[in-house]
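# Topology and contacts: notes
The lines below spell out each chain.
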Amino acid sequence: MPVFARARILIHDYCLIPRPAATIEYTGPNPQHIYEFIRKQFYTLFNITEKELQEREFRWDKTPGGESFHVRWETIKDLDYHTYRDVVVTIDGTSRPNKEFGKEGSVKITFEGKIRTEYPQDNLWQRSLIYEMFRTFYHKIIYESVRKKYIEDCRELLLAFSDELKSFFNLLPKM
């Protein structure tokens, strides 16, 4: 969980490199079903609980010609005392009635992941030169490999999420 400190050292790395975010676009039947699918993926693939999922924005407008929707989720998963994974997923879409499929339209899904490590700097000891030397030694010698593993795990998780989305929309190439 983020450290609630007045002053802190924050180390921030994106999971998807070279771009921090990935986007999947789909046009076809029933794009509105992606909402429930992604929500289930948070619990199964991302292995988070209900309280770790925050629906930051939700807008679902229905008009006579169809509907438009915008949803933004954020998940924060503690990995250890200093580090947490922050994943943001945004969906924007529209759908309209169709006699053949029920509804058809388009959806754009954008997702990004970050690994953040925070060291509080609130009290006199945490701001001292000796503490900073120990913290730097610990971080460079011991903890850096742990962070790299967290970043790689986050990257694999987001790539698996991308594959699940493509599979849901039947966008995976045929072998």
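Below is a summary of the structure that appears in this document. Since we're looking at a predicted model, the values are computed, not measured.

Calculation criteria
- Residues numbered from 1 in each chain as written.
- Predicted model: local features only at pLDDT ≥ 70, side-chain atom pairs only at ≥ 80, totals over all residues.
- Heavy atoms only, no water.
- Salt bridge = Lys/Arg side-chain N within 4 Å of Asp/Glu carboxyl O.
- Helix = DSSP H or I, 4+ residues; strand = E, 2+ residues; numbered from the N terminus.
- Buried < 20%, exposed > 50% of the residue type's maximum accessible area, 1.4 Å probe, protein only.
- Phe/Tyr/Trp six-rings, centres within 6.5 Å; stacked < 30°, edge-to-face > 60°.
- Disulfide = S-S within 2.5 Å.

Tallying each qualifying case throughout the model produces 14 salt bridges. The partner of Arg39 in a salt bridge is Glu55, and the shortest N-O contact between them spans 3.8 Å. Of the two residues, Arg39 is situated in helix α1 (residues 34-44) and Glu55 in strand β3 (residues 53-63); the sequence distance between them amounts to 16 residues. A relative accessible area of 36% places Glu55 in the partly exposed class. The partner of Arg59 in a salt bridge is Asp61, and the shortest N-O contact between them spans 3.7 Å. Here Asp61 falls in the partly exposed class, since its relative accessible area comes to 34%.

Let's shift gears to the packing of aromatic side chains. Inspection of every chain in the model, using the stated rule, returns 14 aromatic pairs. Members of the aromatic cluster, joined through ring pairs, are Tyr35, Phe42, Phe46, Phe58, Trp60, Phe69, Trp73, Phe111 and Phe161.

A full pass over the atoms with the stated rule returns one disulfide. The disulfide bridge from Cys15 ends at Cys154, spanning 2.1 Å between sulfur atoms. Disulfide Cys15 to Cys154: torsion about the S-S bond roughly 95°, handedness right-handed. Here Cys154 lies in helix α2 (residues 129-168) and Cys15 lies in the loop between β1 (8-14) and β2 (21-29), a separation of 139 residues in the sequence. Here Cys15 matches Cys154 in class, with each residue buried.

Without other data, these values stay purely geometric and don't point to any function.
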